[in-house]
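Given next are the chains, with one letter for each unit.
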Amino acid sequence: MLIAYDDRLTNHLEGVAHPEQPDRVRVVAGELERRGMLNDRIDTAVARPDELARVHSRRYIDLVERECLWLDAAAATELSTGDTVVDAGSHEAAARAAGGTLAALDRVCAERRSAFALVRPPGHHAEPARGMGFCLFNNAALAARTFSLKTGGKALIADFDYHHGNGTQALVGDGLSYISTHASPEYPGTSDPGDNHVESGGALANVPLAPSGIATEAFVAIWTRTLRTLAQTVRPGLRVVSAGYDCVAGDPIGDLGVAVWAMRQFGRLMREIATEYCDGRALFVLEGGYDPAILASCVVETIIGFEEGQDVERAVDAVIPARQRAILNELEGRPTWTRIC
């Protein structure tokens with residue numbers, strides 16, 4: 001699998017006591033290199049304002065740059081739009097994260113293969129005109145929207161982060177579809193299964209989970225059933241994963257009790273969808289995951305699962321909790337699911 005990574009991504013919040021720390025990507029990159037999994041590395045570049053403007057307002061893009069440039073080298077503060085801490089290196093790192101994701105997308109599309117954008121800061125909370133939740137620019141949504149604009153095809157984003165990707169949901173439409181499992185009610189307090197819909201421009205499927213956690217087998221079963229259903233309906237040309245590993249047991253910020261081994265199953269499932277619908281095109285983009293050692297194990301398992309060529313283990317619907325099973329039944333039972341594509 002191709003890996004988009006750059007040591008300069010660690011310049012954001014270097015030396016600042018914060019859970020979204022540079023070691024998140026530094027430790028993962030080190031583990032990938034130790035295992036010989038960093039050989040196909042993609043060079044990153046800073047995304048241009050006109051590229052960022054595909055998912056963000058020009059005013060917001062300028063605001064992020066201005067507020068970061070004003071800071072002294074040792075200073076850190078919250079971005080004026082919300083709860084995202086920035087320092088003098090944050091704008092460049094965030095623009096490089098977005099640019100690295102686009103560089104990975106270029107290779108994925110040109111070579112019909114998979115890539116993992118090992119980038120930070122994360123992006124799925126970033127709304128078109130607002131940074132929040134550790135996020136500045138929405139990397140995964142930018143990749144999906146860029147694919148749709150350049151090819152006219154559809155992109156499906158799958159987000160298994162502990163937190164709901166409010167920023168990505170705000171961008172659904174114009175060829176972008178979004179499916180998310182997440183703890184609810186937890187930050188950012190968004191997502192309502194009543195918002196779930198399928199329209200000609202894009203689909204939305206929210207499957208909230210209890211913050212107390214979920215059995216790993218149930219988590220895998222929910223994703224297997226939901227993603228297969230949505231992919232069959234949307235028939236995307238690109239599959240993007242907002243890979244948020246804070247859902248895994250032991251994460252200091254999230255923790256839904258999901259075992260690390262589930263990430264190998266998730267990798268297998270993503271390969272199945274990419275092969276059947278996307279001509280092999282698959283892009284993983286790092287979101288949450290705040291214990292660097294656990295995060296490294298999860299990324300490795302995801303990549304192995306995608307590349308080993310094995311089928312997803314059989315998922316049993318009976319292990320899915322009643323509330324989530326009802327949401328899935330409703331999604332599958334909507335008449336529009338069989339008409340729009």
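Quick summary incoming for the structure in this document. Source: prediction; values computed, not measured.

Turning our attention to the pairing of strand S5 (residues 114–117). Side chains Ser114 and Phe116 project from S5 onto one buried face, and the interleaved Ala115 and Ala117 project onto a second face that is buried too. Bridge count for strand S1 (residues 2–4) against S5 is 3 bridges, and the pairing is parallel. Its bridge partner lying in S5, Ile3 is registered against Phe116. Both S5 and strand S11 (residues 282–286) contribute to a ladder of 4 bridges, which runs parallel. The residue of S11 that forms the bridge with Ser114 is Ala282.

Applying the stated criterion to the full structure yields 7 aromatic pairs. A ring pair is formed by Phe134 and Tyr290, whose centres lie 5.6 Å apart and whose planes are at 85°; its orientation type is edge-to-face. Of the two residues, Phe134 sits in the loop between S5 and helix H5 (139–151) while Tyr290 sits in the loop between S11 and helix H9 (292–307), which places them 156 residues apart along the sequence. With a centroid separation of 5.2 Å and 75° between ring planes, the pair formed by Trp223 and Phe266 is classed as edge-to-face.

Here we take up the pattern of salt bridges. Going through the model one piece at a time under the given rule, you end up with 22 salt bridges. Between Arg8 and Asp6 there is a salt bridge, and its shortest N-O distance comes to 2.9 Å. Between Glu111 and Arg113 there is a salt bridge whose closest N-O contact spans 3.2 Å. Relative accessible area serves as the criterion here: at 36%, Glu111 is assigned to the partly exposed category. Looking at Arg113, the relative accessible area reads 26%, which means it is partly exposed. It is possible to trace a salt-bridge network through shared partners that takes in Arg264, Arg268, Glu301, Glu308 and Glu313.

Attention now moves to the sheet that holds S11. Taken together, 9 strands build an open sheet; the order of strands is S2-S1-S5-S11-S10-S6-S7-S9-S8 and the sheet is mixed. Edge positions in the open sheet fall to strand S2 (41–42) and strand S8 (197–199), since each of these has one partner strand only. Sheet analysis places S1 next to S2, joined by 2 bridges and oriented parallel. Looking at S2, one finds that Ile3 is bridged to Arg41. Strands S1, S2, S5, strand S10 (238–243) and S11 of the sheet are contacted by helix H4 (residues 90–111), whose axis makes an angle of about 165° with S11. Strands strand S6 (155–159), strand S7 (176–183), S10 and S11 of the sheet are contacted by H5, whose axis makes an angle of about 165° with S6.

Rules used in this analysis
Residues numbered from 1 in each chain as written. Predicted model: local features only at pLDDT ≥ 70, side-chain atom pairs only at ≥ 80, totals over all residues. Heavy atoms only, no water. Buried < 20%, exposed > 50% of the residue type's maximum accessible area, 1.4 Å probe, protein only. Helix = DSSP H or I, 4+ residues; strand = E, 2+ residues; numbered from the N terminus. Pairing = 2+ DSSP bridges. Phe/Tyr/Trp six-rings, centres within 6.5 Å; stacked < 30°, edge-to-face > 60°. Salt bridge = Lys/Arg side-chain N within 4 Å of Asp/Glu carboxyl O. Contact = heavy atoms within 4.5 Å. Axes fitted to C-alpha atoms, helices over the stretch in contact; angles between N-to-C directions.

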